[in-house]
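Single-letter residue listing:
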Amino acid sequence: MSQFTNDKVDKILANNPFLLMGDIWKERRAEITPGLSTNRVQAVYSVTQNICKQFVDYIKKQQRMAPSGGLNAKTLSLCYSTEVVADCVLGISSGSFSDNPTPLVGMIKRVFEHSFGFIFFNTLASLFPLIRKFYCVPFFTKDVENFFFDIMQKAINLRRENNEHRNRADFLNYMLQLQEKKGLDTMMLTSHTMTFLTDGFETTALVLSHTLLQLARNPEAQRLLREEVATGALSFDQLSELPYLDACISETLRIFPPGLAARRLVTEPFKFVNKNGVSVEVVPGEVVIVPNYAFHHDPNYYEHPEKFQPERFLEHNGGVRKYRDQGVFFGWGDGPRVCPGMRFALTQLKAALVEIVRHFNIKPNPQTRTDNALDETYFMATLKGGIWLDFEALDLRRIVSIEKICMRQSKDYHDCCAMCPITIALIVLALLIGLIYIFLIWNFNHWNKRGIKTVKSWPLVGSFPSVFTQKRNVAYEIQDIYNQYKDTENIVGVLNTRAPQLLILTPEYARAVYVTEFRKFHDNEMSQFTNEKVDKILANNPFLLLGDKWKERRAEITPGLSPNRVQAVYSVTQNICKQFVDYIKKQQRMAPSGGLNAKALCLCYTTEVVADCVLGISSGSFSDNPTPLVGMIKRVFEHSFGFIFFNTLASLFPLIRKFYCVPFFTKDVENFFFDIMQKAINLRRENNEHRNRADFLNYMLQLQEKKGLDTMMLTSHTMTFLTDGFETTALVLSHTLLQLARNPEAQRLLREEVATGELSFDQLSELPYLDACISETLRIFPPGLVARKLVTEPFQFVNKNGVNVEVVPGDVVIVPNYAFHHDPNYYEHPEKFQPERFLEHNGGVRKYREQGLYFGWGDGPRVCPGMRFALTQLKAALVAIVRQYNIKPNPKTRTDNILDETYFMATLKGGIWLDFEERE
């Protein structure tokens, strides 16, 4: 094509490196390449990320209005690539995702529209080349050329006038520097810029739409990619290190190469030798054709070439290099004339694919053909008939299931999937040896020998098979055992896998374990499984510490949670509540018929409160662009199959923990929080306004100076809030909203109590019906379904038949919190929401706690240390919501209280979906 370009007619296209020849090509390529360096692509990556979020919102909006024929993937992708190129190259918005896009959108599309006259002339000129010496038809029409010349001039003027963007390290700034250095005029700048628009707009959109097509057709590939990209914002470097994503793009480029063939002009004589030995010399001016598409679809090089198999491009199979070195892969071209904007295009593609795969389950619409037949009217590889897809929104707020994360690949992901082969082999060997050991010395009769009845148990799973089968929540199995034996026994023996433990059946003994005999049941069972060398952050969480260490850490942390400190940040909480109410209003306007996900809303709220009240920073939870803190906090509760498998294995063979441990937090999570803690500390020390703010971080900084704590210790203490305050509080808040939605009378009474006007901290603490509503919610859905307590001193239990049994240090007793809370002998109609039972004239919470029947926040010396802070969060949010909205359960929400069998805390199965009706 180079020889057919006329720089007098095609002024804009005349400087496109793709079309230039010889020394001019080298010169123009040398000019343009530094503007496409990795550093410059990285500099505008935040712009790309922001546009990706807008893109996801745009898809959601389009999907809601989508016809039965699905959404046109090419059109969607063109909107995205136009917006990215316009912003990252020119520093302007094209409005592609709005109802009123700028003229730039339509004009860019016209770049690739050619009249019959243009096509006829070029066909005629290919028959009679001499015609071009006398007449030429330009590639760009005059109005298109004038439009881009004009918009380039405006972009330059805007950049020179805008101090904020003057030093933005993007392509336009580079070109302005080049203009000053080489004296380029605006036409030359426009020509260079059009290189991006012509090369980056259409091609990138095609590759993106075809990749989405292949992922839609191949659910397993889509699942693997979703696992790889996980959640949370990815840095530019992290985006560059996603092997399966790279493989998916490469495989799409193989099946649908933008360049179907390459036509090369011979510039020096070259001799070809045919397979029959005949040689032929080509001379300058002749043309050779490289059939890219044919190579890509040759079964001699690619097994099953029509199948989408990204694995062929993974590094362990040789990667892209293997095929490029063989001369059979030309995704972005090859050699010195490889696409100069490849880095930029790949970043656009990857960023968009990451966001789309995270937010949607992509499915091919029946309107889309099932083969890969090419459109015969288009010069690039394009699926005939178009690509029509359906985008099913995923619920990002739920905890990622084991199946979805067990194969997540990340260089810092220290779980079973990242174990070295030797470690895996040793574990498998230990498992085989252990199976023999299990059946030889299983503890089926441990308690029977001591006169205590033992519940029926099975090898490997013990008394609680649901831990493994997940057919129902394990709390129900414990409740069944409780109901079976509570009238005849005070205690009953159970097996937790192979470990013999005692299940408490009377509230008197429950009270003894929690309170009256606390020193004999001092520690939690999980405490013995924490390795401070592996879990540096978690090692100082009071819930997991043993004995004197627990006392020491609790004594350190408790003053930071005093009523005065909680009160000091109450104004912050109130401000966040106002934002929360506005956020609900915004979400409700866009709400689907299935209602709003209450857990997702509450997670946004608790994240923002904890981040601001603890660290003094905003997480941006209510914005369209939340900070990475939001995604990273969610990952705290994500555990791979490797983590769960290891802990299950270690419960069978405890000695394993002496030789190997899998951390609760992955290395990247640990590093993230260590880093953000350091930044929060630095920010606090530099910010005079917040230096004397009486919040938890200031208290910890004072403690650091007093006791010489390092940043890891501060981070560990802070993570106590994030792990204890984020998820738990969100669960309690969402379940309280559920109960109020189901019970309009309770909602009315609460609304009357909270009335109107700002409530002071003291007034918030004196709302008895609000307290009762929260307490009743905690009874029905207790965060701690059971308590597993480690015996620290000998204690003697007496059974109802008079048989005594002594437990010794190292034994474990189980308090079935959920079973006590749902026992009709203690709570009439236990499944009903009746806050009145916790009002003061009925005895209040104290009545049930002193009977050993209520464990909403735990009980005794190890009661939740952040209870005051959590209650303030909960109450402030509930007051704000009840005042502003009538809350109603969406029909999508179940009407019973069945627990989710996959979650370790009490959570309504199927999720909580609510409708919020704004009150006048």
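The preceding data block contains the structure.
For clarity, every value in this text was computed on a predicted model and none was experimentally measured. (Residues numbered from 1 in each chain as written. Predicted model: local features only at pLDDT ≥ 70, side-chain atom pairs only at ≥ 80, totals over all residues. Heavy atoms only, no water.)

> Looking at this structure, how should I read the overall build of the protein?
What the protein contains, in helices and strands, is 37 helices and 17 strands. A total of 920 residues make up the protein; the buried ones form 54% of that total. Long-range contacts, defined as pairs at least 24 residues apart, comprise 72% of the intrachain contacts of the protein with a sequence gap of at least 6. Of the roughly 41400 Å² of accessible surface on the protein, 55% is carried by carbon and sulfur atoms. (Helix = DSSP H or I, 4+ residues; strand = E, 2+ residues; numbered from the N terminus. Buried < 20%, exposed > 50% of the residue type's maximum accessible area, 1.4 Å probe, protein only. Contact = heavy atoms within 4.5 Å. Areas by Shrake-Rupley, 256 points an atom, 1.4 Å probe, with all protein chains shown as cover.)

> How should I be thinking about the packing of helix α11 (residues 219-229) against helix α13 (residues 243-255) in this particular structure?
How two helices sit against one another is set out by the angle between their axes and by the gap between those axes. At a minimum axis distance of 8 Å, the contact between α11 and α13 shows a crossing angle of 140°. Classed by the angle they form, the pair α11 and α13 counts as oblique. Across from A221, L224, L225 and E228 in α11, the residues of α13 making contact are P243, Y244 and L245. Class assignment of the residues belonging to the contact of α11 with α13 gives a composition of six nonpolar, no polar and one charged. (Axes fitted to C-alpha atoms, helices over the stretch in contact; angles between N-to-C directions. Parallel < 35°, antiparallel > 145°, perpendicular 65-115°, else oblique. Nonpolar A, V, L, I, M, F, W, Y, C, P; charged D, E, K, R; others polar.)

> How do you make sense of the pattern of salt bridges when you look at a structure like this?
A pair can form between side chains of opposite charge whenever their charged atoms are brought close. Tallied over the entire structure, the rule returns 29 salt bridges. The residue E752 makes a salt bridge to R748 at a minimum N-O spacing of 2.3 Å. Here R748 and E752 lie together in helix α32 (residues 744-754), a separation of four residues that amounts to about one turn. A salt bridge links R894 to D896; its shortest N-O distance comes to 2.4 Å. Residue D896 is classed as partly exposed on the basis of its relative accessible area, which comes to 31%. Ionic contacts of the salt-bridge type, sharing partners, join the residues E220, R223 and E227 into one network. (Salt bridge = Lys/Arg side-chain N within 4 Å of Asp/Glu carboxyl O.)

> For this particular structure, what's the right way to read the environment of D170?
Along the polypeptide, D170 turns up in the loop between α8 (142-161) and α9 (171-182). In this structure D170 comes out as buried when scored by relative accessible area, which is 1%.

> When you look at the side chain of N473 in this model, what are you seeing that I'm missing?
Checked against the element boundaries, N473 lands in the loop between α19 (466-469) and α20 (474-485). A distance of 2.9 Å separates a polar atom in the side chain of N473 from the backbone nitrogen of A475. Sequence-distant contacts of N473, that is, excluding residues within four places in its chain, are made with L785, L899, D900, E901 and Y903. (Polar contact = N/O pair within 3.5 Å; in protein donor to acceptor, adjacent residues only side chain to side chain.)

> Sorry if this is basic, but what is going on with the side chain of T252 here?
When you line up the elements, T252 lands in helix α13. With near-sequence residues (within four places) excluded, T252 lies in contact with V207, H210, T211, Q214 and F308.

> Help me out: how do you make sense of the pairing of strand β17 (residues 913-918) in this one?
Within a regular beta strand, the side chains point alternately toward one face of the sheet and then the other, so they alternate between its two faces. Here two bridges tie strand β11 (residues 596-597) to β17, and the two strands are oriented antiparallel to one another. When the sheet's bridge partners are listed, L596 is paired in β17 with L914. Pairing of strand β16 (residues 885-889) with β17, which is carried by five bridges, proceeds in the antiparallel orientation. By the bridge assignment for β17, K888 is matched with D915. (Pairing = 2+ DSSP bridges.)

> It is not clear to me how the environment of L770 should be interpreted in this structure. Could you clarify?
Secondary-structure assignment places L770 in helix α34 (residues 768-780). Residue classification places L770 among the buried residues on the basis of a relative accessible area of 0%. Through-space distance from the C-alpha of L770 to that of V754 is 8.3 Å; in sequence the pair is 16 residues apart. When near neighbours in sequence (up to four residues on either side) are disregarded, L770 contacts L750, E753, K875, L878 and V879.

> Help me understand α32 in this model?
The α-helix winds at 3.6 residues per turn, so residues separated by three or four positions along the chain end up facing the same way. All of the buried residues along α32 are A746, Q747, L750, R751 and V754. When α32 is viewed along its axis, its buried side chains cluster within an angular range of 135° and face the same direction. Directly after α32, the chain includes A755, whose backbone phi takes a positive value near 50°. (Arc of directions from axis to C-beta.)

> Sorry if this is basic, but what is going on with the sheet that holds strand β1 (residues 71-72) here?
Through backbone hydrogen bonds, the strands of a sheet pair up, either in parallel or in antiparallel fashion. With antiparallel pairing, the three strands of this open sheet are ordered in space as β1-β7-β6. Across the chains shown, the open sheet's two edge strands, defined by having one partner strand only, are β1 and β6 (360-364). Strand direction decides the pairing type here: β6 and strand β7 (residues 388-393), joined by five bridges, are antiparallel. Within the sheet, the bridge partner assigned to K363 lies in β7 and is D390. Docked against the sheet, helix α16 (residues 342-359) engages β6 and β7, running at close to 95° with respect to β6.

> Please clarify how empty space enclosed by the protein should be interpreted in this entry.
It is a probe the size of a water molecule, rolled over the atoms, that shows where empty space is left. Scanning the model with the defined rule gives twelve cavities of 30 Å³ or more in all. One number sums up the size of the second largest cavity: a volume of about 90 Å³. Around the second largest cavity, the lining residues are Y45, Q49, C52, K53, A233, L234, L239, A351, V354, E355 and R358. When contributions to the lining of the second largest cavity are tallied by element, the ones reaching two or more residues are α3 (45-64) and α16. Grouping the constituent residues of the lining of the second largest cavity by class yields seven nonpolar, one polar and three charged. (1 Å grid on protein atoms, 1.4 Å probe; cavity = no way out; pocket = protein on both sides within 12 Å on 5 of 7 lines; lining within 4 Å. Points joined across faces, edges and corners; volume = space filled by probe spheres on them.)

> How should I be thinking about the packing of aromatic side chains in this particular structure?
The description of an aromatic ring pair uses the distance of the two centres, along with the angle that the planes make with each other. Enumeration over the complete set of coordinates arrives at 31 aromatic pairs. Aromatic side chains F55 and Y80 sit 4.9 Å apart centroid to centroid with 15° between the ring planes, which places their arrangement in the stacked category. Of this pair, F55 sits in helix α3 while Y80 sits in helix α4 (residues 73-90), placing them 25 residues apart in sequence. Given a relative accessible area of 1%, F55 falls into the buried group. Note that R779 overlies the ring of Y827, its terminal NZ or CZ placed 5.1 Å from the centroid. If you follow K892 out to its NZ or CZ, it ends over the ring of W913, 3.6 Å from the centre. (Phe/Tyr/Trp six-rings, centres within 6.5 Å; stacked < 30°, edge-to-face > 60°. Lys NZ or Arg CZ within 6 Å of the ring centre and 35° of its normal.)

> Looking at this structure, how should I read the nonpolar core?
Generally speaking, nonpolar side chains in soluble globular proteins are found buried as a group. By size, the foremost hydrophobic cluster in this structure holds 133 residues, and its most contacted members are Y605 and F797. Setting aside anything within four residues of it in sequence, one finds F797 in contact with I491, L502, I504, Y509, F521, V803, N804, V805, V807 and V813. (Core = buried A, V, L, I, M, F, W, Y, C linked by side-chain atoms within 4.5 Å.)

> Mind showing me how you'd approach a nonpolar patch on the surface here?
A contiguous nonpolar surface patch, about 420 Å² in accessible area, is contributed by L130, F134 and Y135. Its place among the elements puts F134 in helix α7 (residues 131-134). The class for F134 is exposed, based on a relative accessible area of 72%. (Patch = residues over 30% accessible without salt bridge, like charges linked within 9 Å, V, L, I, M, F, W, Y side chains within 5 Å.)

> Is there a simple way to think about the sheet that holds β11 in this case?
In space, the three strands of this open sheet follow the order β11-β17-β16, with antiparallel pairing throughout. A single partner strand is all that each edge strand has here, and the edge strands are β11 and β16. Across the face of the sheet, helix α24 (residues 570-589) comes into contact with β11, β16 and β17 while running at roughly 105° to β17.

> How should the state of the cysteines be read in this particular structure?
Enumeration according to the criterion identifies zero disulfides in this entry. Free cysteine C604: the closest other cysteine sulfur is in C602, separated by 9.1 Å. (Disulfide = S-S within 2.5 Å.)

> Help me understand the packing of α11 against α16, please; the structure alone is not making it clear to me.
Running from N to C, α11 and α16 cross one another at 105°; their axes reach a closest spacing of 9 Å. It follows from the interaxial angle that α11 and α16 lie roughly perpendicular. Contacts between α11 and α16 involve Q222, L225, R226 and V229 on the former and, on the latter, V354, V357 and R358.

> How should I be thinking about the environment of Q153 in this particular structure?
Along the chain, Q153 falls in helix α8. It is 9.1 Å that separates the C-alpha atoms of Q153 and M187, two residues lying 34 residues apart in sequence.

> Sorry, what's going on with α34 here?
The terminal C-alpha atoms of α34 lie 18 Å apart, and with 13 residues this matches the ideal 18 Å at 1.5 Å per residue to within 8%. Of all the 13 residues making up α34, eleven are buried; the element is thus mostly covered by neighbouring parts of the structure. Taken as a whole, α34 has its buried residues at Y769, L770, A772, C773, I774, S775, E776, T777, L778, R779 and I780. (Expected span 1.5 Å × (residues − 1).)

> For this particular structure, what's the right way to read unusual backbone geometry?
A negative phi angle characterises most non-glycine residues, just as the trans form characterises most peptide bonds. Despite not being glycine, H304 has its phi angle at roughly 50°, a positive value. As for its placement among the helices and strands, H304 is situated in the loop between α14 (292-296) and α15 (319-325). Although it is not a glycine, H829 sits at a positive phi angle of roughly 50°. Locating H829 in the fold gives a position in the loop between α35 (817-821) and α36 (844-850).

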